[in-house]
Each structure stands twice: as C-alpha cells, then as structure tokens.
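Chains, contacts and geometry: an overview
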Amino acid sequence: MPKEIIVNVGDRETRIAVVEDGRLAELHIEREERVVGSLYKGRVSNVLPGMDAAFVDIGLERNAFLYVGDVLPTATEEGGESRDSRHPALAEVDDVDEEEDEEEAESAEAGPGEPASAGRRPRRRSIRRSVLRHQKIKDVLKVGQEILVQVIKGPRGTKGARVSTRISLPGRCLVLMPEADNIGISRKIEDPKERDRLRKIGDKLREPGFGIILRTEAEDKTEAELKADKEFLMKLWRQSLEAARKAKAPALIHQDLTLVYKTIRDVFGSDVNRLVIDDPAEFEKANELLDLVSPKLRGRIHLYSGDVPIFDHYKLEEEIEKLTRRKVWLRSGGYLVFDETEALTVIDVNTGKYTGGANLAETIFKTNVDAANEIARQLRLRDIGGIIVIDFIDMSNPRDRQAVMKALETALKKDRSRTKISSISQLGLVEMTRKRTGETMTDFLTEPCHYCGGRGKLPSAESVSMQLERELARLVRTAKKPFEALLVICHPDVAELLVGPEGETVDRIERDLQRAVFVRSSPEMHLEKWEIATGDMAEMERRAAGFKRQQVVDCLVARSLVHGDGGVVGWAGGYLLAFSDGRRFVGQRVKARITDPRRSYAEAVLVPGTGKPVDKGEPI
C-alpha cells in the first residue's frame, strides 16, 4: 500500500497530511503552543473529594484536570526515593496496566502458558492504574502542593487539559517511563521470536525505577540502536528533573517536539515510501534528525520546490475542505452523516444513490461494507474520539452482520489510536470508543456560529414574533409607571409578521394592550433579539419618525413572509411599505409614493422607472 507524508510549512501554521493509496488518511495541524506530551511543574489549586480529582495550575488559560487514577502516590517533582516503592498496593500486582499508552503495549511479564525467560532480572512490582483508582485524592494531594505532570489530553471546548503524574517520554524506538518497572512490547510486533528477542534486550537496557515500552519501530533494531534511544531519553529525564527543581510553579519544564519532528519520530517508518517537505530549512532539520534516529530512511525525504502550493499539487485542499461537512459520500453512492455532540458522535449510514445490488439485502450489505471502510478513514481524518455510535442499515442475515464487523475491525487496524468495538446489535447499531487526545479536526478548524450559537437551528420568524407579542403583554402588565405607547425595533422578518397582513396583527395587539404600538425594523438586529421603548405618544411619534401622505421615499423591495405567492414589501428606514405589485423589483431599490401612512406601516405605490440594483451593504 503506497504511503506518503506531505508537509506544508507556513509562517502561521504547519500542516502534515498522511496519504494512503492516493487518499488523505490523516491530517495534523500545528498553529500554537504544543501542549500534549509536554511536562509542566504545576501547583494544586483545588482538591475535589467528591470527584476523586484535583485541578492543577500549569500556566495555561484553564486549570488542568488530574484524576486520582493518574496520581502516583507521594508524587514529587524532584525525584528522590522512588514513589511507588513506598506504596502498599505494590503487593497486589505483578505488571503494569498500560491503558493510556499510545502503542497499546502489552506487559512483558510472563503470562499464562508463557515461560519466563531464563536469567531475566528480578524486577520490582509496578502499580496498576486500577489500583491507583482506589486511592483517595485527599490522601495523595494537598492544595498548594507542587507536582510534575504531563499533559495527556489537550484542552477541548470549555474543558482544560488533562494531566498525569505517570510520566512517559517517547523516543523513536521505545518509550521511557520513570517510576515504573515493567517492560512492554507493541502489539503490532507479532513475531514470537522477535518479541522474545526484544524482551531480552529490554531486560538488559531497563534501569531500576524505570519502565520501557518497545515501540513498533523497535522491530529488527539492534541492541546498540535501542540503547542509544534509551540513553537519549534518560538524559532528557535528568534534564527535566533539574529544570523542575529550579523552576517556580506553574512552569513549562519540557515542551514536546514540533509537529514535523514528532511525525518523523512517530509516523515516518519503513512503511512510508516518501516524505515530501516544501520548506528548505525544515528539510535540512529533518535530514539531521534522521541521521540520529534512522539513517536508513534518509533517502526517502524529498524537498518540494514546485510553483504550485504543495497541498494543491497533491490535490489535498479539496479533501481538507470536506472535513467539516456533515455528509460524506461513499464510492458506492451511499453516504454517511456525522453528528458530533458533547457526549458522543453518531454516524448514520444511508444507501443514497446506490441501487446496484441484485436484491435489497445485497444492496444494504455492500453499502454497509463500503461505509465501514470509510468510517474508519473518517475517524482518523477527523480525529474523532470518545464514544461513537454507528447506525448501520439493518441486516437480517447474521453472516452479513459478521462480515461488516470484520470489515470495520480490519479497517481500524490502520489507526494508531486505540479503539474498542462492541458487537453489532439487532438494530444495526455498533458502539465503539476511540482514544481522544484533544480537539477533533472539526473543532480545530471551525468555531460555533455566532448567529445560532452552534445549535445549527434558529426559531422561525413566526415563533419569535409570537414571543415578542407575549413580551409586550408582560411589559404592560408589570409596568410600574403608566405609558401611552411602545416602540418595537426587531428583525425585518419579525417586524412584518408582527404588523401582519394590512396591519391586522398590530391593530389587534393595540386593542389588547390599549396602547399605541410603533413597529420598526433593523436589518442588523439578530432574528431572536428586539428592543422595546415606552413613553408618551408624542415622544414615540418623534422617535418612530414616520412618513407623510404623498411623500416619495427610497425603499428596498423584498419578498413578503405574510403574503407569499410572489408577494412583496418595501423597507424605507425600517418602516414597512405594502405594495400591490412589484415582484420584478425584488432585491432592487425603487422610489415609492406613500398613499396611506399608519403607525407601523404604510400603503404605497411604486414610481415607474426608478428601479436599480441594490448594494448589499446598504441598510434596509
């Protein structure tokens, strides 16, 4: 499977695309401070026994969240005696639960039916995360305490970062874990002989008080190469401890690598055909880094020097633009609909335009298989994490259900993030989880609509006009001082509906309220907002500033919500004009003669030969 990494380096952002089989598979963007993976010296600002968690000030906009299961007992920022050596829970376990590790490494302790290697060094027992969950947060952390933490999930929406005192320092071939004692091997290394070889090397390399995870890239590496990686990480850890000792909390102790370097470390392996960079300086730095970590791959890095922007050259911009769309079309003609909520993401599968099966069951099956592959790709591409519910089209044949699940599981094997899938239900629903490390790509690239507040829907103008009518009645009922008239300023659509056909609605409102009502529009007014002023009749007439009979005014012709079927109205300085005809002038400014002025609207006739296109920036 051809695999390429395309790197676009700009002044304000760096973008990295992973392309598999000619299609965009992953997108990573870096625009600001790197947070996830970085080490901070923080100060505990609040301990919440009811949540078994604490909030830690690490110097970011929002305090970070620290769950009790991520707190090693008697955590200190300055090292000293190993933290877990004093914990009574050590007697309960023999290996470490690497639930949070990005490689999903397995413990290298001998399991059932697997003999322990001869001569293997006896190692101190490590603490399972499940054991740490049984601690009480008030017993391990105090307000004002300074601790060294690592960000494991970036800020998302209104939530701050999530941190842990269980530090892990990733290198090219292995991950170093201070305050642990286990050896883990990536699940992706499947050869039993290679796994055994790496276990033995890990036993030799591991120092007391440190755990090691051998990553996928460690496969076929020599002991010398793995030792060099470990020594680099040990040096980094010692430097971090020294920096933490001198720093005053909150402080950044170690910032994770830039996106380009991290990609070379974590993604650019022997399965990548080439890596193309469009920046000469980053190209040189990338080659220098490869000289240190993987010289054999140096020839696979290329400098792009074309006149066309690199993402345009590889036809990636159009794919990126599609990332924020709800609907994703399948190659078969079916489509997916993505709905992201605070709690979970729902993906709906539909046959759409596809009708090509020999029968309905085959059509549904082929659509679901096509959807399973595309869903796995979209989860990586959009970086969707947390709980995910997939609504496949109902299948009556159990073998079809099993085949669809198999297709989904196979497609998800390409994903470096950890996923867990439940079986498909009778209703065709599949529940799954995917490890979340921060914002989804949609959250990163977009912001909530300032008009609807991110809801995606607004009340209809008719609903708002009725709310406004009720508000007028409430205002009259609760007024502490008497007044004769009200001036209402609202969105043009709401204003027309409040006036009603031939002024019937506003006339009724005046009778009900026993007050004069002046309605005016403002195109800048949000559909759901309005302003109401009260006062005596003379004051309201002065503020409303109506027109006189036979006066010629300049107005904008717009479609009518009240009359429909081609009906039109005019707007002149927020004042509603009712025409008997004028459909051909919609969207134009015309002259109109007032024939019958009222408080909230006027009957008018168009002056022939005065229509002209309107500047969209002009007020109504």
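Residues numbered from 1 in each chain as written. Predicted model: local features only at pLDDT ≥ 70, side-chain atom pairs only at ≥ 80, totals over all residues. Heavy atoms only, no water.

1. Brief notes about the sheet that holds strand E19 (residues 344–350)
Ordered by their spatial adjacency, 6 strands build an open sheet running E17-E18-E19-E20-E22-E21, and the pairing between neighbours is mixed. This sheet does not close on itself; its edge strands, each paired only once, are strand E17 (327–329) and strand E21 (419–421). Strand after strand, the sheet turns through a mean of 20° between neighbouring axes, direction not considered. Pairing analysis gives 3 bridges linking E17 to strand E18 (residues 335–340), with the strands arranged antiparallel. When the sheet's bridge partners are listed, lysine 327 is paired in E18 with valine 337. Sitting on the sheet, helix H9 (residues 360–382) touches E17, E18, E19, strand E20 (386–391) and strand E22 (429–434), and the angle it makes with E19 is about 150°. The sheet contacts of helix H10 (residues 398–412) involve E20, E21 and E22, and relative to E21 the element is tilted by about 175°. (Pairing = 2+ DSSP bridges. Helix = DSSP H or I, 4+ residues; strand = E, 2+ residues; numbered from the N terminus. Axes fitted to C-alpha atoms, helices over the stretch in contact; angles between N-to-C directions. Contact = heavy atoms within 4.5 Å.)

2. So, the nonpolar core
Grouped together as the largest cluster of nonpolar side chains are 27 residues, with contacts concentrated most on Leu336, Ile347, Val349, Ile375, Leu379, Ile390 and Phe392. Put simply, the parts of the chain that give this core at least two residues each are E18, E19, H9, E20, H10 and E22. If we skip the residues at most four places from it in the chain, leucine 379 touches Ile347, Ile384, Ile388, Leu412, Met432 and Arg434. (Core = buried A, V, L, I, M, F, W, Y, C linked by side-chain atoms within 4.5 Å. Buried < 20%, exposed > 50% of the residue type's maximum accessible area, 1.4 Å probe, protein only.)

3. Quick look at the packing of aromatic side chains
In this description, a pair of aromatic rings is defined by centroid distance and the angle of the planes. Under the counting rule described, the total for this entry stands at 3 aromatic pairs. Taken together, a centroid distance of 5.7 Å and an interplanar angle of 70° make the contact between phenylalanine 55 and phenylalanine 65 edge-to-face. Of this pair, phenylalanine 55 sits in strand E5 (residues 53–57) while phenylalanine 65 sits in strand E6 (residues 64–67); the two residues are 10 residues apart in sequence, bridging distant segments of the chain. For phenylalanine 65, a relative accessible area of 22% puts it in the partly exposed group. Judged by centre distance (5.4 Å) and plane angle (70°), the rings of phenylalanine 547 and tyrosine 575 are edge-to-face. Placement of phenylalanine 547 in the loop between helix H15 (537–544) and strand E26 (552–559) and of tyrosine 575 in strand E28 (residues 575–578) is noted, with a sequence separation of 28 residues between them. Residue classification places phenylalanine 547 among the partly exposed residues on the basis of a relative accessible area of 22%. Given the relative accessible area of 1%, tyrosine 575 is considered buried. We note lysine 327 situated over the ring of tyrosine 335; from NZ or CZ to the ring centre the distance is 4.4 Å. (Phe/Tyr/Trp six-rings, centres within 6.5 Å; stacked < 30°, edge-to-face > 60°. Lys NZ or Arg CZ within 6 Å of the ring centre and 35° of its normal.)

4. Details of the environment of glutamine 378
Position of glutamine 378 among the secondary structure elements: in helix H9. Taking the C-alpha atoms as reference, glutamine 378 lies 9.6 Å from leucine 24; in sequence the two are 354 residues apart. If near-sequence neighbours (up to four positions away) are discounted, glutamine 378 is found in contact with Val328, Phe338 and Asp383. Within polar-contact distance, the side chain of glutamine 378 engages the side chain of arginine 382 at 2.7 Å. (Polar contact = N/O pair within 3.5 Å; in protein donor to acceptor, adjacent residues only side chain to side chain.)

5. Remarks on the sheet that holds strand E24 (residues 516–521)
The strand order across the open sheet formed by 3 strands is E24-E23-E25, and the pairing between neighbours is mixed. In this open sheet, the two strands that pair with only one neighbour each are E24 and strand E25 (530–535). Sheet twist, expressed as the average angle between the axes of neighbouring strands with direction ignored, equals 15°. Note that strand E23 (residues 485–490) and E24 share 6 bridges and pair parallel. By the bridge assignment, leucine 486 is partnered in E24 with valine 517. Across the sheet, helix H12 (residues 461–478) lies against E23 and E25, angled at about 30° from E25, the strand it touches most.

6. With respect to the packing of helix H3 (residues 192–205) against helix H4 (residues 223–246)
Helix-helix packing is characterised by the crossing angle of the two axes and by the distance between the axes. Following both chains from N to C, one finds H3 and H4 inclined at 45°, their axes separated by 11 Å at the closest point. Considered as vectors, H3 and H4 are oriented oblique to each other. Classified by chirality, the crossing of H4 by H3 is right-handed. Together, Leu198, Ile201, Lys204 and Leu205 of H3 and Glu223, Leu226, Lys227 and Lys230 of H4 make up the contact between the two elements. (Parallel < 35°, antiparallel > 145°, perpendicular 65-115°, else oblique. Left-handed = near helix turned anticlockwise from the far one by under 90°.)

Remember that the coordinates give geometry; whether it matters functionally is a separate question.
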